[in-house]
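# Descriptive structure summary
Here's the letter readout for the chains.
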Amino acid sequence: GHPTPLSLAEDEGGESLDLSEDELPPRRRKRAPVEDTPEEWKRHRLAIKEAFPQGWAPPRKLSREAMDGLRAMHIYDKRTFSTPILAEKFKISPEAVRRILRSKWEPSREQRMRFSERERR
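Owing to the predicted nature of the structure, the values given are computational and were not obtained by experimental measurement.

Take the overall build of the chain next. Looking only at helices and strands, one finds 5 helices and 0 strands in the chain. Taken from the N to the C terminus, the helices and strands of the chain come in the order α-α-α-α-α. Counting across all 121 residues of the chain, residues that qualify as buried make up 17%. Taking as baseline every contact in the chain between residues at least 6 positions apart, the subset at least 24 positions apart corresponds to 51%.

As C-alpha coordinates, then:
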(Lines give C-alpha, C1' and ligand atoms only; values in the text may rest on other atoms or scores of the structure.)
Protein backbone atom coordinates (compact mmCIF):
# COMPACT_ATOMS: atom_id res chain seq x y z
CA GLY A 1 0.00 0.00 0.00
CA HIS A 2 1.13 3.31 1.25
CA PRO A 3 4.70 4.46 1.96
CA THR A 4 5.43 5.09 5.64
CA PRO A 5 5.14 8.78 6.54
CA LEU A 6 8.29 10.76 7.27
CA SER A 7 9.09 11.44 10.91
CA LEU A 8 8.89 15.03 12.04
CA ALA A 9 12.25 14.64 13.80
CA GLU A 10 14.12 13.28 10.73
CA ASP A 11 14.73 14.68 7.28
CA GLU A 12 14.24 12.71 4.03
CA GLY A 13 17.70 11.09 4.32
CA GLY A 14 16.86 9.64 7.73
CA GLU A 15 19.16 12.04 9.57
CA SER A 16 17.94 13.67 12.75
CA LEU A 17 16.86 17.32 12.35
CA ASP A 18 18.13 20.00 14.73
CA LEU A 19 15.00 21.23 16.48
CA SER A 20 16.80 23.27 19.14
CA GLU A 21 15.93 26.91 19.55
CA ASP A 22 19.14 28.89 19.69
CA GLU A 23 17.37 32.18 19.16
CA LEU A 24 15.04 33.67 21.73
CA PRO A 25 11.39 33.68 20.68
CA PRO A 26 10.16 37.06 19.45
CA ARG A 27 8.82 39.24 22.24
CA ARG A 28 5.10 39.58 22.28
CA ARG A 29 3.62 43.01 22.29
CA LYS A 30 1.76 43.93 25.43
CA ARG A 31 -1.99 43.68 25.09
CA ALA A 32 -4.02 46.85 25.10
CA PRO A 33 -5.75 47.47 28.43
CA VAL A 34 -9.15 45.78 28.58
CA GLU A 35 -10.71 48.76 30.33
CA ASP A 36 -10.96 52.13 28.64
CA THR A 37 -8.51 54.74 29.79
CA PRO A 38 -9.73 58.00 31.37
CA GLU A 39 -8.67 59.90 28.23
CA GLU A 40 -10.85 57.66 26.04
CA TRP A 41 -13.79 58.14 28.39
CA LYS A 42 -13.31 61.90 28.29
CA ARG A 43 -13.10 61.91 24.47
CA HIS A 44 -16.24 59.76 24.23
CA ARG A 45 -18.21 61.97 26.65
CA LEU A 46 -17.26 65.09 24.70
CA ALA A 47 -18.33 63.47 21.41
CA ILE A 48 -21.69 62.45 22.92
CA LYS A 49 -22.24 65.90 24.44
CA GLU A 50 -21.46 67.47 21.06
CA ALA A 51 -23.90 65.15 19.27
CA PHE A 52 -26.63 65.50 21.93
CA PRO A 53 -26.27 68.88 23.73
CA GLN A 54 -29.48 68.37 25.77
CA GLY A 55 -28.54 64.78 26.56
CA TRP A 56 -29.96 61.57 25.14
CA ALA A 57 -33.73 61.76 25.48
CA PRO A 58 -35.44 60.03 22.55
CA PRO A 59 -38.90 61.45 21.81
CA ARG A 60 -40.37 57.97 21.28
CA LYS A 61 -39.48 54.87 23.25
CA LEU A 62 -39.99 51.26 22.18
CA SER A 63 -41.32 48.41 24.27
CA ARG A 64 -38.98 45.57 25.18
CA GLU A 65 -40.85 43.29 22.72
CA ALA A 66 -40.39 45.85 19.92
CA MET A 67 -36.65 46.07 20.66
CA ASP A 68 -36.39 42.27 20.56
CA GLY A 69 -38.26 42.25 17.24
CA LEU A 70 -36.00 44.97 15.84
CA ARG A 71 -32.90 42.94 16.79
CA ALA A 72 -34.39 39.74 15.35
CA MET A 73 -35.20 41.44 12.03
CA HIS A 74 -31.67 42.85 11.78
CA ILE A 75 -30.10 39.46 12.58
CA TYR A 76 -32.38 37.74 10.03
CA ASP A 77 -31.28 39.99 7.13
CA LYS A 78 -28.90 42.90 7.72
CA ARG A 79 -29.30 44.30 4.19
CA THR A 80 -33.09 44.29 4.08
CA PHE A 81 -33.40 45.51 7.67
CA SER A 82 -30.57 48.05 7.79
CA THR A 83 -30.39 50.80 10.41
CA PRO A 84 -32.11 53.53 8.28
CA ILE A 85 -34.91 51.17 7.20
CA LEU A 86 -35.55 49.98 10.77
CA ALA A 87 -35.54 53.61 11.96
CA GLU A 88 -38.17 54.49 9.36
CA LYS A 89 -40.36 51.42 10.07
CA PHE A 90 -40.28 51.82 13.87
CA LYS A 91 -40.51 55.64 13.62
CA ILE A 92 -37.41 56.23 15.75
CA SER A 93 -34.06 57.87 14.98
CA PRO A 94 -31.20 55.94 13.36
CA GLU A 95 -29.17 56.70 16.52
CA ALA A 96 -31.82 54.93 18.64
CA VAL A 97 -31.66 51.90 16.31
CA ARG A 98 -27.85 51.86 16.57
CA ARG A 99 -28.04 51.96 20.36
CA ILE A 100 -30.61 49.15 20.47
CA LEU A 101 -28.57 46.94 18.12
CA ARG A 102 -25.33 47.64 20.00
CA SER A 103 -26.85 46.94 23.42
CA LYS A 104 -26.13 43.47 24.81
CA TRP A 105 -28.08 43.84 28.07
CA GLU A 106 -30.81 41.27 28.66
CA PRO A 107 -33.28 41.59 31.55
CA SER A 108 -33.68 38.69 33.96
CA ARG A 109 -36.98 36.79 34.01
CA GLU A 110 -38.23 38.82 36.99
CA GLN A 111 -37.22 42.10 35.38
CA ARG A 112 -38.89 41.11 32.10
CA MET A 113 -42.13 40.33 33.99
CA ARG A 114 -42.00 43.68 35.83
CA PHE A 115 -41.36 45.56 32.55
CA SER A 116 -44.26 43.86 30.76
CA GLU A 117 -46.55 44.54 33.73
CA ARG A 118 -45.49 48.21 33.75
CA GLU A 119 -46.09 48.52 29.99
CA ARG A 120 -49.64 47.15 30.33
CA ARG A 121 -50.64 49.99 32.69
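Here we come to helix 4 (residues 94–102). Looking only at helix 4, the buried set comprises Glu95, Ala96, Val97, Ile100 and Leu101. The inward-facing, buried residues of helix 4 contact helix 2 (64–76) and helix 3 (83–90).

A few words on unusual backbone geometry. The phi dihedral of Lys91 is positive, around 55°, even though this residue is not glycine. Summarising the element assignment, Lys91 is placed in the loop between helix 3 and helix 4. Residue Lys91 is classed as exposed on the basis of its relative accessible area, which comes to 63%.

The relative placement of two packed helices is expressed as an angle between their axes plus a distance between the axes. Remark: helix 2 packs on helix 5 (residues 109–120), axes separated minimally by 10 Å, with the N-to-C direction vectors making an angle of 115°. For the pair formed by helix 2 and helix 5, the contact residues are Arg64, Glu65 and Asp68 on the first element and Arg112, Phe115, Ser116 and Glu119 on the second. Grouping the amino acids of the contact of helix 2 with helix 5 by side-chain chemistry returns 1 nonpolar, 1 polar and 5 charged.

The next thing to look at is the side chain of Arg64. As for its position among the elements, Arg64 is in helix 2. Asp68 provides the closest opposite charge to the buried, unpaired Arg64, separated from it by 5.2 Å. Excluding anything up to four places from it in sequence, Arg64 contacts Trp105, Pro107, Arg112, Phe115 and Glu119.

Inspection of the secondary structure assignment puts Ser82 in the loop between helix 2 and helix 3. Measuring from C-alpha to C-alpha, the distance between Ser82 and Val97 comes to 9.4 Å, with 15 residues separating the pair along the chain.

Let us look at the nonpolar core. Membership of the largest hydrophobic core is limited to 12 residues, which are Leu62, Ala66, Met67, Leu70, Leu86, Ala87, Phe90, Ile92, Ala96, Val97, Ile100 and Leu101. In terms of residue count, the dominant contributor to this core is helix 4 (4 residues). In contact with Phe90, other than residues within four places in its own chain, are Arg60, Leu62, Ala66, Leu70 and Met73.

Another aspect to go through is the packing of helix 2 against helix 4. Interaxial distance between helix 2 and helix 4 falls to 10 Å at its minimum, and their mutual angle equals 85°. Viewed along their axes, helix 2 and helix 4 adopt a mutual orientation that is roughly perpendicular. Contact with helix 2, carried on its side by Met67, Leu70, Arg71 and His74, involves Val97, Ile100 and Leu101 of helix 4 and no other residues of that element. Across the contact of helix 2 with helix 4, the residue classes break down as 5 nonpolar, 1 polar and 1 charged.

A few words on helix 2. Taking 1.5 Å per residue, 13 residues should reach 18 Å; helix 2 reaches 18 Å between its end C-alpha atoms and fits that length. Inspection of helix 2 places Arg64, Ala66, Met67, Leu70, Arg71 and His74 among the buried residues, and these make up the whole buried set. Viewed along the axis of helix 2, the buried residues span an arc of 165°, placing them on a single side of the element. Tucked into the core, helix 2 has its buried residues touching helix 3, helix 4 and helix 5.

Each value, and the rule that gives it
Residues numbered from 1 in each chain as written. Predicted model: local features only at pLDDT ≥ 70, side-chain atom pairs only at ≥ 80, totals over all residues. Heavy atoms only, no water. Helix = DSSP H or I, 4+ residues; strand = E, 2+ residues; numbered from the N terminus. Buried < 20%, exposed > 50% of the residue type's maximum accessible area, 1.4 Å probe, protein only. Contact = heavy atoms within 4.5 Å. Axes fitted to C-alpha atoms, helices over the stretch in contact; angles between N-to-C directions. Nonpolar A, V, L, I, M, F, W, Y, C, P; charged D, E, K, R; others polar. Lys, Arg positive; Asp, Glu negative; His and termini not counted. Salt bridge = Lys/Arg side-chain N within 4 Å of Asp/Glu carboxyl O. Core = buried A, V, L, I, M, F, W, Y, C linked by side-chain atoms within 4.5 Å. Parallel < 35°, antiparallel > 145°, perpendicular 65-115°, else oblique. Expected span 1.5 Å × (residues − 1). Arc of directions from axis to C-beta.

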